[in-house]
Amino acid sequence: MDRGLYVAMTGAKQIMQAQAINNNNIANVSTPGFRADTVAFSSEPIYGPGYPTRVNAVAGNSGTDFTSGVMLSTNQPLDIAVNGKGFIAVQGADGKEAYTRAGQLNVDDSGVVKTATGFPVLSESGQVNVPPATSVTIGADGTVSVVPLGLSAAAQSQVDRIKLVNPPTASLVKGNDGLFRTVSGTKSPTDENVRLSSGALESSNVNSAQSLVNMIQLQRLYEFQIKSINSTDQNEQNSERMMVSG
Amino acid sequence: MNLALWAAKTGLDAQNTQMSVIANNLANVNTTGFKADRPTFQDLMYQNVQQVGAQSTQNTQYSTGLSLGTGVRIAANEKNYLQGSILQTGGNLDMSITGQGFFQITMPDGTLAYTRDGSFSMDNQGNVVTASGNPLSPAITIPITAQSVTIGADGTVSVTTAGSSKATTVGQIQLANFINVEGLQPTGNNLLVESAASGAPQVGTPNTNGLGSLTQGSLETSNVNTVTELVNMIQCQRAYEMNSKAISTTDQMLQFLTQNMQ
């Protein structure tokens, strides 16, 4: 049996996985703050008796595309978008600090500021809490100020400041919950230069045209792999037939 | 199951749900006190196939991993509580709230519901009721002898009766507010009810404690922005088409596989 068959088989399997990543990007074309996953193939030579003539393909995320999405104006006071580089610190389900670009925030019944996906937003000292208020405003540096219920606008007071960080993107990985964490697991320090726009959300950064072209390319590559499985099969059949007639 | 197919399928589902939300918003463009809904998209869990940073040997680590996303879902559907425009109607018992707060309505089962729809009228007993006949809370009864009804910015309801030049106060409208208004649960008929997420109502006199003021003879219109909704609709349609294309492409790949592997 020619092992070329298996090389083509792994190729086809990995391309199907790459197509799954690409389809996931397309499915998240409307998810605010979503960062597209990118795919890279690496070659894995098979060592064994004889020469390593067979090289399998292995798909991997080469990581995440961290380019910015488009700013969508929503006029909601609790919608924030990070201008340029940086992330909003939130508390993941494991209680540890994680980072996101999705700034669709709201205040829950106990006054905790949470993302739309239910993760509490963090400040330097813990969760951001706001008292019952007439208005909540988030400043460009993450400062949260409120007009407490029952007081006039002149009583505007600062309650907390959302932690904004700017770790090198190479040190970040996307977790299974879609939040980013540092590879080393350490907390990233606050970066004073990260700026927010309030009343806006950042769109997904999935480039729909590019994703569609990738999709077509992956489809054709897949067909190449299947073709080579087919050809290998035919070679086998032909050689068997030669043996019989000889 | 093929993940590529299912990831695209979740995209179709989510865009379909978004379209329902947009259609509902557009259908309620003339509904008094209606607040537009907004779907919240969230990426689904990732499947970790190869852990990034795992040891590839004792001394080296994988610099990249492989985590496959499983698609998208609509995690929540949140109302946008921006103020709608104020429409002058001249109706005696029409009221609009400028600012925060909700009218409290007593439901037939005795519980309270909340609304921004201030188009009230009178029943045969003179009680102030909503268009569906549910009374305002605290209850206000307009005497049969009333010649005119005046509602102040602070919710004081006063009437003048025939033969008297002096107005008499017959009631005081109170508004309720919540720490998390997005947590209120819409129940239809322009009503919202308290939920575990909204917190308890904080009741007060209009125009005090950060509550809005009342304007008699006007109604708050729906805050649906038709331009935004139409743009969202175009975006939603294109995203739907892309996901559908992703399904057909994956299908063609599988078809190619089955046709060529015989």
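The present account deals with the structure reproduced in this document. Just so you know, these numbers come straight off a predicted model, no measurement behind them. The residue numbers shown here count from 1 along each chain, following its written sequence. To label them, take the chains in the order written and letter them from A, then take the ligands in the order written and number them from 1. Two thresholds apply to this predicted model, a pLDDT of at least 70 for residue-level local features and 80 or more for giving and counting side-chain atom pairs, whereas whole-chain, interface and lining totals are computed over all residues.

**With respect to the interface of chain B and chain A**
1) Next: Counting residues at the interface gives 56 residues for chain B, matched by 53 residues for chain A.
2) Next: Looking at the side of chain B that touches chain A, the elements with two or more residues in it are helix H1 (3-27), strand S1 (37-43), strand S2 (46-50), strand S3 (66-69), strand S4 (72-79) and helix H2 (226-260) of chain B.
3) Next: Of all the elements, H2(B) adds the most residues to the side of chain B that touches chain A, at 12 residues.
4) Next: Gly falls in the polar group here, along with every residue not listed as nonpolar (Ala, Val, Leu, Ile, Met, Phe, Trp, Tyr, Cys, Pro) or charged (Asp, Glu, Lys, Arg). Of the residues belonging to the side of chain B that touches chain A, the class tally is 24 nonpolar, 28 polar and four charged. Residue pairs are scored as contacts if the distance between their C-beta atoms, which are placed from the backbone, is within 7 Å. Put simply, DSSP marks the helices as runs of H or I at least four residues long and the strands as runs of E at least two long, and each gets a number from the N terminus on.

**As for the sheet that holds strand S12 (residues 146-151) of chain B**
Within a sheet, each strand pairs with its neighbour through backbone hydrogen bonds, oriented either parallel or antiparallel.
Residues and elements named next belong to chain B.
1) Next: Pairing between two strands is assigned when DSSP locates at least 2 bridges connecting them. Spatially, S12-S13-S14 is the arrangement adopted by the three strands of the open sheet, whose pairing is antiparallel. Both edges of this open sheet fall to S12 and strand S14 (168-172), since each of them pairs with a single strand only. Strand-to-strand twist of the sheet, defined as the mean angle between neighbouring strand axes without regard to direction, takes the value 25 degrees.
2) Next: In the sheet, S12 pairs with strand S13 (residues 156-161) via five bridges, with the strands oriented antiparallel. Of the residues in S13, the one forming a bridge with Ile151 is Val157. Between N-to-C directions, angles span 0 to 180 degrees; the directions come from axes that are lines fitted to C-alpha atoms, helices contributing only their stretch in contact.

**Things to note about the nonpolar core**
1) Next: By definition, a nonpolar core groups buried Ala, Val, Leu, Ile, Met, Phe, Trp, Tyr and Cys residues that are joined through C-beta atoms within 7 Å. Exposed residues have 12 or fewer other C-beta atoms within 10 Å of their own C-beta, buried residues have 20 or more, and residues in between are partly exposed; the C-beta atoms are placed from the backbone. The biggest cluster of nonpolar side chains holds 52 residues, and the ones touching the most others in it are Ile88(A), Val90(A), Tyr99(A), Val121(A) and Leu136(B).
2) Next: Examining the composition of this core, we find that four residues originate from one element, strand S5 (residues 87-91) of chain A, more than from any other.
3) Next: Discounting chain neighbours no more than four positions away, the residues touching Val121(A) are Ile88(A), Val90(A), Leu105(A), Val113(A), Lys114(A), Thr115(A), Val128(A) and Ile162(A).
4) Next: Within the second largest apolar cluster, 42 residues are counted, among which are Ile226(A), Leu12(B), Leu66(B) and Ala239(B).

**Digging into the pairing of strand S8 (residues 112-115) of chain B**
It is a general feature of regular strands that their side chains alternate between the two faces of the sheet.
All names here are of chain B.
1) Next: Bridge count between strand S7 (residues 102-106) and S8: four bridges; the pairing is antiparallel. Residue pairing for S8: Phe103 is matched across the bridge by Thr115.
2) Next: Connecting S7 to the next strand, S8, in antiparallel fashion are five residues, including Gly110 with a positive phi near 90 degrees.

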